[in-house]
Amino acid sequence: MFISTREIQVLYADTDMMGVIYHANYLKYFELGRGGLIEDVGYSYVGMEEAGFFAPVYDVTATYKKPIRYGDRAFVKTWVEGNDGLKTVYGYSIVNEQDEICVEGSTTHIIVKKETFKPTAFKKAFPDWFQKYEEIKKK
């Protein structure tokens, strides 16, 4: 299984009144990780869009285990959890610099045609990309 890691820049503006990262901001960090993984394996969302497709979020989960505060170093680790040809599930673990898990989650994506938003099979639209995910996904 391939895991992509990106450092998160924890900004003061990302915190809430309790001084911890506001919960919805973790979705931005998931996106940072997902984009990093895609880049690491040689593909890009820009290329997908240029080919006439989008990959919207179909489902998202997040479990908050430990707070991250302004000034902390944090990292998002991302992998392909599942890839069935229609839906791709990315797994995430956000850790602090002690490698303690602070947030775990996943996002599920489908592929849709840009003009119609009609779903299409990832396996059919991007066979090479799909095959790469098959090689690196969690077993």
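Since the structure is predicted, the reported quantities are computational estimates derived from the model, not experimental observations. (Residues numbered from 1 in each chain as written. Predicted model: local features only at pLDDT ≥ 70, side-chain atom pairs only at ≥ 80, totals over all residues. Heavy atoms only, no water.)

Caption draft 1: Examining the environment of Val95 more closely. Take Val95: it is sitting in strand β5 (residues 87–96). By relative accessible area, Val95 is classed as buried at 3%. Beyond its immediate chain neighbours, meaning those up to four positions away, Val95 contacts Arg73, Ala74, Phe75, Lys77, Glu100, Ile101 and Cys102. (Helix = DSSP H or I, 4+ residues; strand = E, 2+ residues; numbered from the N terminus. Buried < 20%, exposed > 50% of the residue type's maximum accessible area, 1.4 Å probe, protein only. Contact = heavy atoms within 4.5 Å.)

Caption draft 2: Highlighting the environment of Asp14. Turning to its location among the elements, Asp14 is positioned in the loop between β1 (4–8) and α1 (25–40). It is 9.4 Å that separates the C-alpha atoms of Asp14 and Tyr26, two residues lying 12 residues apart in sequence. When residues no more than four places from it in sequence are discounted, the contact partners of Asp14 are Gln9, Val20, Ile21, Tyr22, Asn25, Lys28 and Tyr29. A polar contact of 3.1 Å, which involves the side chain of Asp14, links it to the side chain of Lys28. (Polar contact = N/O pair within 3.5 Å; in protein donor to acceptor, adjacent residues only side chain to side chain.)

Caption draft 3: Region of the structure containing empty space enclosed by the protein. All chains considered together, the criterion is met by 1 cavity of 30 Å³ or more. Volume-wise, the largest cavity comes out at about 80 Å³. Around the largest cavity, the lining is made up of 14 residues, and of these Ala55, Thr88, Tyr90, Ile111 and Phe122 lie nearest the centre. The residue inventory of the lining of the largest cavity, partitioned by class, reads 11 nonpolar, 2 polar and 1 charged. (1 Å grid on protein atoms, 1.4 Å probe; cavity = no way out; pocket = protein on both sides within 12 Å on 5 of 7 lines; lining within 4 Å. Points joined across faces, edges and corners; volume = space filled by probe spheres on them. Nonpolar A, V, L, I, M, F, W, Y, C, P; charged D, E, K, R; others polar.)

Caption draft 4: Structural context of the pairing of strand β6 (residues 101–113). Counting buried positions over the 13 residues of β6 gives 10, a clear majority of the element. As judged from the 2 bridges shared by strand β2 (residues 53–54) and β6, these two strands associate in the antiparallel manner. Paired with Phe54 across the bridge in β6 is Val112. Between β5 and β6, which follow one another and run antiparallel, lie 4 residues, and Asp99 among them has a positive phi close to 65 degrees. (Pairing = 2+ DSSP bridges.)

Caption draft 5: Layout of the nonpolar core. If you look at the biggest cluster of nonpolar residues, it comprises 28 residues, and the most contacted ones within it are Ile68, Ile94 and Tyr133. Looking at this core, the elements that each hand over two or more residues are α1, β4 (74–83), β5, β6 and α4 (127–136). Looking at this core, the element that brings in the most residues is α1, giving 5 residues. Discounting residues that sit within four places of it in the chain, Tyr133 has contacts with Leu37, Ile38, Val41, Val80, Asn83, Thr88, Tyr90 and Phe122. (Core = buried A, V, L, I, M, F, W, Y, C linked by side-chain atoms within 4.5 Å.)

Caption draft 6: Representation of unusual backbone geometry. Not every positive phi belongs to a glycine, and Asp99 is a case in point at roughly 65 degrees. Residue placement: Asp99 occurs in the loop between β5 and β6. Not every positive phi belongs to a glycine, and Phe117 is a case in point at roughly 60 degrees. With respect to the helices and strands, the residue Phe117 is situated in the loop between β6 and β7 (119–120). Take Phe117: its relative accessible area is 49%, and that puts it in the partly exposed class.

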